[in-house]
Amino acid sequence: MLALTRAVPPSIPRCELTHLDRAPIDYDAAVAQHVAYEAALASLGCRILRLPAEPELPDSVFVEDTAVVLPELAVIARPGAASRRPEVDSVVEYLAERRELAFIDAPATLDGGDVLRVGRSIWVGRSERTNRAGYDQLRRLLEPRGYRIRTVAVHGCLHLKTAVTPLPGDALLVNPAWTDTAAFEGHDLAPVDPSEPFAANVLAIGDSILVSDGHPATRARLEDRGLTLRVVDVSELAKAEGGVTCCTILVP
Ligand code: CIR
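Conventions and cut-offs
Residues numbered from 1 in each chain as written. Predicted model: local features only at pLDDT ≥ 70, side-chain atom pairs only at ≥ 80, totals over all residues. Heavy atoms only, no water. Salt bridge = Lys/Arg side-chain N within 4 Å of Asp/Glu carboxyl O. Buried < 20%, exposed > 50% of the residue type's maximum accessible area, 1.4 Å probe, protein only. Core = buried A, V, L, I, M, F, W, Y, C linked by side-chain atoms within 4.5 Å. Helix = DSSP H or I, 4+ residues; strand = E, 2+ residues; numbered from the N terminus. Contact = heavy atoms within 4.5 Å. Pairing = 2+ DSSP bridges. Axes fitted to C-alpha atoms, helices over the stretch in contact; angles between N-to-C directions. Arc of directions from axis to C-beta. Near = heavy atom within 4 Å. Polar contact = N/O pair within 3.5 Å; in protein donor to acceptor, adjacent residues only side chain to side chain. Areas by Shrake-Rupley, 256 points an atom, 1.4 Å probe, with all protein chains shown as cover.

Enquirer: Please set out the pattern of salt bridges residue by residue, giving values where relevant.
Expert: Inspection of the entire model under this criterion finds 15 salt bridges. Lysine 239 is the partner of glutamate 236 in a salt bridge, and the nearest nitrogen-oxygen pair spans 3.0 Å. Residue glutamate 236 is classed as buried on the basis of its relative accessible area of 11%. The exposure class of lysine 239 is partly exposed, given its relative accessible area of 27%. Through salt bridges with shared partners, one network takes in Arg132, Asp136, Arg139 and Glu143.

The structure is reproduced here in structure tokens:
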């Protein structure tokens, strides 16, 4: 498994914020957390490939939003925040050599953080970043390739994957307050502890999951399910509304 990442830019204090108030971000601490995050990915068997740094693009560390990479195709996103659109250029350059590419075109918008995949099932969040046209374009690209794709409501948080992410196996870790759980019928739903609304963003890699150290009650629930956790501190990146999925694109 290849994990694409990108360095934390010094401009990160000017990041987009939607649901959080701006809080000072300690750049050096954010860099150290990001290095530890990459080390955790490597310890779970990923080969890290750093995309070229984009010092002037404040959200460029959150590479997840720039593309949806599938085994047979990479769909280049069109981020909902205009400030983030230049982030895709270097991702296109890198992926062009490795995948057939398809593009989300204006007026559609789509953030990778709104696209949740379990095997050949895909859910696309209707969020402030991903519009109906973004969903329609993705559906037209993926249905003919054998994916089952549907849209799901997101409310109160930035992206679908802020509200729900896959666990190893068939289960999904979910904050039921931020999405419509009926859309995931037939899946084993593991709710976060209600005191930890941001805990649903975890990154499954093989049989392990990478989790933020900020959510002890939900971690205990995951351990009770027999899951192997790798805990990282991403508290500085969380001030920019990022979590553990956003800082990488896993290339299967
Ligand atoms: C933004 O608002 O776009 C960034 N500050 C945070 C992006 C986080 N990405 C993600 O959850 N996939």
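Enquirer: Can you lay out the nonpolar core for me, pointing to particular residues and giving the numbers?
Expert: Ranked by internal contacts, the top residues of the largest apolar core, which has 24 residues, are Tyr37, Leu41, Leu203 and Leu237. Of all the secondary structure elements, the ones that give two or more residues to this core are α1 (27-43) and β12 (203-205). The greatest single-element share of this core, amounting to four residues, is contributed by α1. If we skip the residues at most four places from it in the chain, leucine 203 touches Tyr37, Leu41, Ser208, Ile209, Leu210, Val244, Thr245, Thr248 and Leu250. Leu73, Val75, Ala108 and Tyr147 belong to the second largest nonpolar core, which has 17 residues in total.

Enquirer: Run through the sheet that holds strand β10 (residues 172-174), naming residues and quoting values.
Expert: The three strands are arranged β9-β10-β11 in an open sheet whose pairing can be described as mixed. Strands with a single pairing partner mark the edges of an open sheet, and in this sheet they are β9 (164-166) and β11 (189-191). Along the sheet, successive strands turn relative to each other by an average axial angle of 25°, direction set aside. For β9 and β10, the ladder comprises three bridges, and the chain directions are antiparallel. Each bridged residue has a counterpart across the sheet, and for threonine 165 the counterpart in β10 is leucine 173.

Enquirer: So, helix α2 (residues 88-96): which residues are in play, and what are the values?
Expert: In an α-helix there are 3.6 residues to a turn, and that puts residues three or four apart on one side. Turning to α2, its buried residues number three or more, namely Val88, Ser90, Val91, Tyr94 and Leu95. Each buried residue of α2 lies within a common arc of 160° when the element is viewed along its axis, so the set occupies one face. In this structure, the buried residues of α2 make contact with β1 (2-5), β2 (47-50), β3 (67-69), β4 (74-76), β5 (101-103) and β15 (249-251).

Enquirer: Kindly report on unusual backbone geometry, identifying the contributing residues and their values.
Expert: Here the residue pair alanine 106 and proline 107 is connected by a cis peptide bond, since its omega of 5° sits within 30 degrees of zero. With respect to the secondary-structure elements, proline 107 resides in the loop between β5 and β6 (115-118). Unlike most non-glycine residues, glutamate 241 shows phi in positive territory, near 70°. Turning to its location among the elements, glutamate 241 is positioned in the loop between α6 (235-238) and β15. Owing to a relative accessible area of 15%, glutamate 241 belongs among the buried residues under this scheme.

Enquirer: Requested: an account of the site of the ligand, with residues and values cited.
Expert: Surrounding the ligand, one finds 13 residues, the nearest of these being Asp59, Glu64, Asp65, Arg129 and Ala240. Glutamate 16 is positioned with one of its backbone polar atoms (N or O) 2.8 Å from a nitrogen atom of the ligand. A distance of 2.8 Å separates an oxygen atom of the ligand from a polar side-chain atom of arginine 84. Considering the ligand on its own, with 350 Å² of exposed area, one finds that the protein chains cover 98% of that surface.

Purely spatial values, then, with no claim about function.
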